[in-house]
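Reading the structure
This is what each chain is made of:
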Amino acid sequence: MSSSLFQLHSIPRSFNPSLRLFDAPFDPERTCINRVFFSDLKSGKCSSVVEARLLRFWEARNVKRGGELMWVDMLLMDVNSTLIQATINANRLPRFRDRLAAGTMYSVSGFDVACCAQNFKLADSSLMIRFNDSTEFDVLSDPVSPIPAEGFRFRNQTELVGLANTNTQLPATELSDLNIEPVDIIGEIVAVKSTVSDPPEDKNRVMVTVKLENDVSVTLSLFDAQAVLFHQKLGGMRDDPKVIVATSINPKMVGGRLFLNATSGTHIYYDKETHAGESLFYRLVARDTGLPSAAPLLKSYAKVEPVTIAELNHFITTDPPQEIDFLCTARVSRVEADKGWCYVACSKCSKKLQRTATSYECARCNNPHVVGSLRYRVEMVVTDDTAEGTFVCFDGVMTKLHNLRASEAVQLLAEEGVNPEDSVMPPFVAGMEGKTYTFQVRVTPYNFTVNHQTFTVSRIINEVERAPAPEFVDDEGDDNDDDDAPDGPNNREESGSGKGNCESSKRAGKEPVGNVYLSDLKCGPCFSTVECRLLRFWEVKNMKQGGELRRLSMLIVDLNGTIMVASISAKRLIIFRSRLIAGAVYSVSGFFVAECAPTLRLTDSPLMIMFNDLTSFDMLSVTGLELPVEGFRFRNEAELLGLANASTELPDIVAELSAVKSTVNDPPKGKNHVMATIKMDKGGSVILSLFDCQAIAFHRRLDSMRVDPKVVVATNVKPRKIGGHLFLYATSGTHIYFDKETSTGQACLSRLVNRCTGHTPVAPLIRKVAKVEPVTMAELNSFVAAAVSDDIEYMCTGTVLRLDSEKGWCYIACVKCGRKLKRTESVFVCMHCENYHAVGVPRYRVELAIADDTDEGIFVCYDGTMAKLHGLEAYEAGLITAKDGVNPEDSQMPPFVTDMQGKTYRFHVKLATYDFTAGRQSFTVTRIINMNERLPLPEFVDHGGDEGIGGSMCVNHQIHADVDYDMVSGEASLISATELSDPASPAVKKARKT
């Protein structure tokens, strides 16, 4: 991050200290005809003059492109105290940069007025100013009327909680990357912790404890360059500041507590640097709070040091009690199965619940009928060469390590009549035994007592991660570890070490030496020869850079049936592309062997082959070896459920093809989606979804077949579990084979034919699903009254007349099956699971009366729809309106839900057979679309007759973009055994770009 992102622009003190009182009254006679206010602006070009004060400005950079400067954002205020955002593009910035000074007044004219992005508003105004080549931006020494010196949008603790968790990308560095409404805060500085060293190193963080009104303390975190500047300025002050004003911060709820994160637009002001801060400063001084010094605390935190277990045990016996983090690399010698692996926590305060004979109780919330949620707690004994110790891993650590929440893990076990915390330990937890990890251990004063027995793990670090700085989250003795800040995905470096080894091998004059098998390979350069068959291949493109080709991936198999991934970088692809034929046999030598990424593996081998400048890749017309013709990693339904949401591998499937739905037109347009219903080995049906060019290829091929296929083989699919149901999604490595195109498929086909199942035709169903059509309310009501019963979807734009508050806004659903629970006097009962002590979680159900110019109707919005619209899960919304002794479903409707009344939305409505009956009263909404979104295609999720509970959840998941980090779904078409498909069209690339 550029240091210019965090310039502390002091505001001149010569201005009137009042925000809305001026030195002279406003005189309309002095106002020129062409002068306007911000409130008068409308979208389009504006040649009028606006007089405004520049409050703050900062640079916006594209961190995904090496910090490339995109524009400068500014916050302007006019004489009426109206705030508006302004932006100067990077190519126009040299003309204006020298004039920019915070606190200065300007006259602005000749600019463009545009609508602000809905997910990024710096001011209450819905418009923004964009400088163009005609813009005049001149310093104003004598304004027509005095302009206020300051402008903030302060929020109290209640408002911050209401705005929290409207994004999922923290910590972020660019405001434009966030789906938030940045707000300002003012409060009392209580304490400061910092990891900034002298000189500063790579990763820096400062955590400021701020006391807001009503003595509520929150944590404000700053990162990298902002942290360094904060540390240096605070460390250089003679007196410790008492007041802090922070602008454009991002609130987030973690583990039931409020945290604040700085953004690129965050500016920090202390004590008397602002009038608002000065006022609070004098109030604090007047009451003589006796604040502790903040600046000395800057030096109390060092970088995380690596230690052995013996050193860790020695430290807590010899040093004074303190809070500090260490890194410890050790092997898990055993997992304490008798201590369990999870516990039921209160969904409100996150504390462990007490189980009584009939229900759960939360002692902290004093609620005898609390709703609980499952969380991890795994105790393990770890050893290194020096000693042994007991480490405890809580929910955030285990969820991040295995990419699976405890509530999802318990579904893998599915033990009838067994309480979740008493169930058997999941295999991936038990599988940690014998493995070596690097643990970040947090030592607290508790560990310095004679009764200490365990150390709390705050993070388990993968080998590709660097050792982090302390996370600085005060758990207050809480076992919950959900407050770990998530890091972004780690990208595997493809060319660094490989290239260096290749160059050294050139100089050494290495030549191929003998034949080996894939199982004999080890990391490093290899000059032996491997004879293998090319099973399939596909292109991998970077959709974040316009579909730029990154590499070509292949699957190869040797004589022993060992399958391995091979990769050719884009710059070398021109050498080998013409030789690639699926099914052909090759000899390969002079390549580099590297480790595969630990997630989304395509094969069982932990290694992969990378082609370099010395690689020989020759087709063999005659070989003395009988190489396997096929190679798959088939998984049955139970194994797919075990892999769902874990992102550990991309398996293959073979199944019976039951039905197909498609949105592909002739010719194809925009966004395309095919949903194939397949029947697995035990008779269960699963949905396989393909998108864009893969969907087009599947549609065309299936449509041109004379006989409907009965068997489908799909490779490298990604299993997901949503609402208790299994779904499969194609990735860029997915290839489709029908019937006899594979020997496995042929065997399955023979069994189906012998069974004589009497399949219904598949291909005709391709034309059954049309694009989503817009209709009025009158047309919708008329359709269900006159048409034949059918499943179909429509778009309907209408205004929310009222919300049915008597029907409530949420219900309690079973964490296992997603169905609504029945509340008895003392416990929740799930009739579907036949569990009389079920654990539930709140989910949305909101009933709306919608009207347009033609008619009125009742729409019902479920969990996925509401969570996506407001960016807040139901259990998080319940925290806003929580009252002691009040059940979540009986609580007051959250303010952001009631605020929907009077607003106009575009609703994606799904009509089912039920809507064609005389007793129908409402329509189910599958999506509420913002006006700047394009109309979507049907999501194709079977609700199974359950009031939209499980099915509606899938709206929360962007299926078409849910792919692995190294593959881009839809970038490789379906191929036969001997050909590569056509690349994606530019239109599809653009539609797929995220």
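Residues numbered from 1 in each chain as written. Predicted model: local features only at pLDDT ≥ 70, side-chain atom pairs only at ≥ 80, totals over all residues. Heavy atoms only, no water.

A few points about the sheet that holds strand β34 (residues 736-738)
Pairing is mixed in the open sheet, where 7 strands are placed in the order β32-β33-β30-β29-β28-β31-β34. In this open sheet, the two strands that pair with only one neighbour each are β32 (718-722) and β34. Adjacent strand axes in the sheet meet at a mean angle of 40° when their direction is disregarded. Where strand β29 (residues 673-679) and strand β30 (residues 685-691) come together, 7 bridges link them in antiparallel fashion. Bridging from a neighbouring strand, His673 pairs with Phe691 of β30. Those strands touched by helix α12 (residues 692-704) are β28 (653-662), β29, β30 and β34, and its axis lies near 110° from that of β30. With respect to the sheet, helix α13 (residues 743-755) is in contact with β28 and β31 (711-714), its orientation differing from that of β31 by roughly 155°. (Pairing = 2+ DSSP bridges. Helix = DSSP H or I, 4+ residues; strand = E, 2+ residues; numbered from the N terminus. Axes fitted to C-alpha atoms, helices over the stretch in contact; angles between N-to-C directions. Contact = heavy atoms within 4.5 Å.)

A short note on α13
Helix length check: α13, at 13 residues, gives a terminal C-alpha distance of 19 Å against a target of 18 Å (1.5 Å per residue), a fit within 8%. Among all positions in α13, only Gly745, Cys748, Leu749 and Leu752 are buried. One side of α13 carries all its buried residues, which in axial view fall inside an arc of 105°. Opposite the packed face of α13, turned more than 90 degrees from it, sit the exposed residues Arg751 and Asn754. Residues of α13 that are buried make contact with β28 and β31. (Expected span 1.5 Å × (residues − 1). Buried < 20%, exposed > 50% of the residue type's maximum accessible area, 1.4 Å probe, protein only. Arc of directions from axis to C-beta.)

Observations regarding the environment of Glu741
Its location among the elements puts Glu741 in the loop between β34 and α13. Considered as a pair, Glu741 and Val711 are 30 residues apart in the sequence and their alpha carbons are 9.8 Å apart. With residues up to four places along the chain from it excluded, the contact list for Glu741 reads Glu630, Arg701 and Ile736.

Observations concerning the environment of Asn447
Its location among the elements puts Asn447 in the loop between β20 (436-443) and β21 (455-461). Excluding its chain neighbours within four sequence positions, the residues that come into contact with Asn447 are Ile316, Arg442, His452, Thr454 and Phe455.

Describing the pattern of salt bridges
One pass over the structure, following the stated rule, counts 27 salt bridges. Here Arg635 makes a salt bridge to Asp604, at a shortest N to O gap of 3.9 Å. One end of the pair, Arg635, is in the loop between β27 (616-619) and α11 (637-643); the other, Asp604, is in the loop between β25 (585-595) and β26 (607-610), and 31 residues separate them in sequence. Residue class for Asp604 comes out exposed when judged on its relative accessible area of 58%. The salt bridge involving Glu847 is made with Arg845; its shortest N-O contact spans 3.3 Å. Here Glu847 falls in the buried class, since its relative accessible area comes to 11%. (Salt bridge = Lys/Arg side-chain N within 4 Å of Asp/Glu carboxyl O.)

Observations concerning the nonpolar core
If you look at the biggest cluster of nonpolar residues, it comprises 46 residues, and the most contacted ones within it are Leu312, Trp341, Met380, Val382, Phe391, Phe439 and Ile460. Ranked by size, the runner-up nonpolar core spans 32 residues in total, among them Tyr794, Cys796, Met893 and Tyr905. (Core = buried A, V, L, I, M, F, W, Y, C linked by side-chain atoms within 4.5 Å.)

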